[in-house]
Amino acid sequence: LSILATEHSSLICDFLQLRFPYKSMAEIAKEVNGGDAQDLQSLLSSPARDFLVRNDGEQVKIDSLIGKKIGLYFSAAWCGPCQRFTPQLVEVYNELASKVGFEIVFVSGDEDEESFSDYFSKMPWLAVPFADSVTRDRLDGFFKVRGIPNLVMVDDHGKLLNENGVGVIRSYGADAYPFTPEKMKEIKEEEDRARREQTLSSLLVTPSRDFVISPDGNKVPVSELEGRTIGLLFSVASYSKCREFTPKLVEVYTKLKERTEDFEIVLISLEDDEESFNQDFKTKPWLALPFNDKSSSKLARHFMLSTLPTLVILGPDGKTRHMNVAEAIDDYGILPYPFTPEKFEELKEIEKAKIEAQTLESILVSGDLNYVLGKDGAKVLVSDLVGKNILMYFSAHWCPPCRAFTPKLVEVYKQIKERDEAFELIFISSDRDQESFDEYYSQMPWLALPFGDPRKESLARTFKVGGIPMLAALGQTGKTVTKEARDLVVAHGADAYPFTEERLKEIEAKYDEMAKEWPTKVKHVLHEEHELELSRIQVYVCDKCDEEGAIWSYHCDECDFDLHVKCALKEETKGNGDEAVKEGGGDPEDGWVCDGNVCTKA
């Protein structure tokens, strides 16, 4: 999701807002429509103005909006997502404005009138005049606008109906009118019913279309697909993960066709550029929904899409057999077919046997590639590493969290090496070019897989690398000890070595014993509102010294406030007159000795 949020933020963020709202529309509306509620006139007017404007300069009285549902559109010309969303909103507006009481009011975030005028010229609705910055700022504050595009739906009394208008329009278009909590509830109930009564036709056929298309442009009736096992492929051609997965899927699809299996794939493209869609689709062997088909977003919601690529499997009866087999195909190729529960049970047994048989050589040797690189560029044979405890470090120079974690890991690596020579770390790079790899690797004292080495992909699958930095620990037999070694390094440093369950139990026992000597609650001058309670928190940042802490914190859950034990137990007295305030570097409280992040009774 972190990668998706970067490359396809609109799609994923809208989906998550609709699927996991922090509060219901009714709750939000009730909250905003309380004591601060205003009527439409007071919301949109100013002492010198009782009108809005059109892009031709025409003035429209605010009173003319009585009886209508209004969308307040917070947007700006400089905002790329706004520029992409506005044409979709224009389409919905044109469909609704002539049929029902619906109007949109543009609230500009532009920095100059020329940009405002140029952007507004593309809009068929009304706007708060650019010159009235006071009203625009007041609306921003009243509706707590923290990002754009933002579309807030209100009624003609100025009462909030829906604060997620952008997500609603992207997902449901004009079908969501009048955008009320009751309408959203009705839509959700209809979606639930559709899942219960799902068929192939209910998924792929619309009132205006009963076909899918082939790469050569021919229309294939959906009825011809009835009775087959169908894969619905949600993908974006420009997204790297989809590009990496597609060749493997083409290979599996081709083999199934050669075996005359009754299987078909239908691409549900979420691409927003038609040329990119056409260029990609014409090279594929399967079918697709037409570009920009309204069913695409509907199907994404229906299957609760949360990652790309996703390959949903439908059985011959049109019912969902599996929500996403993309990872299984990536790992096992054709083996998961026909994607039944029984087949996945077989794969579990295969995976279990594979894990039991894992050795360092089985995961790091591939044909002639039987080595890694040393710091001097010399080849270090994998066979020379057998019998050592190994850390596999998936990282990249372009990744800020990786660059932040690497210095800590270097420190821990050196500490462990001083204690145990039978230890090594191997860097597996996701850098984009050799130069970046070389620059980043120059900061590291350990071994590395060569840049662009094909073993990286198989290692990423073996350790299920979904994001970086990621640190996996292997024991002396080559078996995986943990895939969560990064968290252990952050929490315990070199003390976590060799990252086994036994070692972690020892650490837990040590921390439990320490905590017996500490007070369960303390009052502190930096947080006088509430008592701080001794709490187990894996990783946090101390609100006194701004340094990272782990395991034990004096914590206020209500305020999300944390202090290191050493910071909480050092004497803090509020001073007046000649009294002083003892801060960070002061002496411990009588009877306590503080060492590093730990304070113990003297």
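Residues numbered from 1 in each chain as written. Predicted model: local features only at pLDDT ≥ 70, side-chain atom pairs only at ≥ 80, totals over all residues. Heavy atoms only, no water.

Caption draft 1: Representation of the overall build of the protein chain. When helices and strands are counted, the protein chain shows 22 helices and 27 strands. For the protein chain, the share of sequence-separated contacts (at least 6 apart) that also reach a separation of at least 24 residues comes to 59%. Accessible surface for the protein chain amounts to roughly 29,900 Å². Of this, 49% is attributable to carbon and sulfur atoms. (Helix = DSSP H or I, 4+ residues; strand = E, 2+ residues; numbered from the N terminus. Contact = heavy atoms within 4.5 Å. Areas by Shrake-Rupley, 256 points an atom, 1.4 Å probe, with all protein chains shown as cover.)

Caption draft 2: Molecular detail of the state of the cysteines. The final tally for this structure, using the stated rule, is zero disulfides. Cysteine cysteine 542 is unpaired, with the sulfur of cysteine 545 as its nearest cysteine sulfur at 3.8 Å. (Disulfide = S-S within 2.5 Å.)

Caption draft 3: Representation of the sheet that holds strand β24 (residues 548-556) within the structure. Ordered in space as β22-β23-β24-β25, the four strands form an open sheet in which the pairing is antiparallel. Because the sheet does not close on itself, it has two edges, and the strands there are β22 (521-524) and β25 (561-563). Averaged over neighbouring strand pairs, the angle between their axes works out to 50° when direction is ignored. Where β24 and β25 come together, three bridges link them in antiparallel fashion. Bridging from a neighbouring strand, histidine 555 pairs with aspartate 562 of β25. Its contacts with the sheet place helix α20 (residues 485-492) against β23 (527-541) and β24, and it is angled at close to 70° to β24. Helix α21 (residues 501-515) rests against β23 and β24 of the sheet, and its axis sits at about 35° to β24. (Pairing = 2+ DSSP bridges. Axes fitted to C-alpha atoms, helices over the stretch in contact; angles between N-to-C directions.)

Caption draft 4: How the structure looks around the pattern of salt bridges. Scanning the entire structure with this criterion turns up 29 salt bridges. Linking lysine 183 and glutamate 186 is a salt bridge whose minimum nitrogen-to-oxygen distance equals 3.4 Å. Residue lysine 183 and its partner glutamate 186 are located together in helix α9 (residues 181-196), separated by three residues, close to a single helical turn. Assessed through its relative accessible area of 18%, lysine 183 is described here as buried. With its nearest N and O atoms 3.0 Å apart, the salt bridge here joins aspartate 495 to lysine 510. (Salt bridge = Lys/Arg side-chain N within 4 Å of Asp/Glu carboxyl O. Buried < 20%, exposed > 50% of the residue type's maximum accessible area, 1.4 Å probe, protein only.)

Caption draft 5: Examining the packing of aromatic side chains more closely. Going through the model one piece at a time under the given rule, you end up with 36 aromatic pairs. Plain terms: the ring middles of tyrosine 93 and phenylalanine 102 are 6.3 Å apart, the flat faces sit at 50° to each other, and that makes the pair tilted. The same class applies to tyrosine 93 and to phenylalanine 102, which are both buried. These aromatic residues form a ring-pair network of at least three members: Tyr73, Phe85, Tyr93, Phe102, Phe106, Phe116, Tyr119, Phe120, Trp125, Phe130, Tyr177 and Phe179. The lysine or arginine in question, lysine 379, covers the ring of tyrosine 371, its NZ or CZ lying 4.4 Å from the ring centre. Over the face of the ring belonging to tryptophan 552 we find arginine 536, whose NZ or CZ atom lies 4.9 Å from the ring centre. (Phe/Tyr/Trp six-rings, centres within 6.5 Å; stacked < 30°, edge-to-face > 60°. Lys NZ or Arg CZ within 6 Å of the ring centre and 35° of its normal.)

Caption draft 6: View of α20. Counting buried positions along α20 yields six of eight residues, so the element is predominantly enclosed. Restricting attention to buried positions, one finds in α20 the residues Ala485, Leu488, Val489, Val490, Ala491 and His492. Positive backbone phi, at 65°, marks glycine 493, one or two positions downstream of α20.

Caption draft 7: Up close: the environment of valine 107. Locating valine 107 in the fold gives a position in strand β4 (residues 102-108). Separated by 23 residues in sequence, valine 107 and phenylalanine 130 have C-alpha atoms that sit 8.4 Å apart. In contact with valine 107, other than residues within four places in its own chain, are Tyr73, Phe74, Ser75, Val128, Arg136 and Leu139.

Caption draft 8: Structural context of the side chain of serine 429. With respect to the helices, strands and loops of the structure, serine 429 is situated in strand β18 (residues 423-429). The buried category is assigned to serine 429, whose relative accessible area is 10%. Engagement of the side chain of serine 429 in a polar contact is seen with the backbone nitrogen of aspartate 431, the distance being 2.9 Å. The residues contacting serine 429, other than those within four sequence positions of it, are Ser395, Phe437, Phe451 and Lys456. (Polar contact = N/O pair within 3.5 Å; in protein donor to acceptor, adjacent residues only side chain to side chain.)

Caption draft 9: Fine view of unusual backbone geometry. Following leucine 308, the chain continues into proline 309 via a peptide bond in cis, with omega recorded as -5°. Along the chain, the position of proline 309 falls in the loop between α13 (295-302) and β13 (310-314). Here the bond from tyrosine 497 into proline 498 is cis, since omega is 10°, no more than 30 degrees from zero. Within the fold, proline 498 resides in the loop between α20 and α21. Of note, threonine 260 is a non-glycine position whose phi angle comes to about 55°, a positive value. A relative accessible area of 69% means that threonine 260 is categorised as exposed. Here aspartate 546, not a glycine, exhibits a phi torsion of approximately 60°, which is positive. In this structure, aspartate 546 sits in the loop between β23 and β24.

Caption draft 10: Here's a closer look at the nonpolar core. Tyr73, Phe106, Trp125 and Phe179 are the most contacted members of the largest nonpolar core, which has 34 residues in total. Elements that contribute at least two residues to this core include exactly β1 (51-53), α5 (80-97), β4, α6 (113-120), β6 (150-154), α8 (165-172) and α9. Sorting elements by how many residues they give to this core places α5 first, with seven residues. The contacts of phenylalanine 106, once residues within four sequence positions are left out, are Tyr73, Ser75, Phe116, Tyr119, Phe120, Met123, Trp125, Leu126, Ala127 and Val128. Among the nonpolar cores identified, the runner-up in size contains 29 residues, and Leu409, Phe423, Val489 and Val490 belong to it. (Core = buried A, V, L, I, M, F, W, Y, C linked by side-chain atoms within 4.5 Å.)

Caption draft 11: Quick peek at the environment of tyrosine 93. Tracing the backbone through its elements, the reader meets tyrosine 93 in helix α5. For tyrosine 93, a relative accessible area of 6% puts it in the buried group. Along the primary structure tyrosine 93 and tryptophan 125 are separated by 32 residues, whereas in three dimensions their C-alpha atoms are 8.2 Å apart. Excluding residues that lie within four positions of it along the chain, tyrosine 93 makes contacts with Arg54, Phe102, Glu103, Ile104, Pro124 and Trp125.

Functional significance is not addressed by these values, which are geometric in nature.
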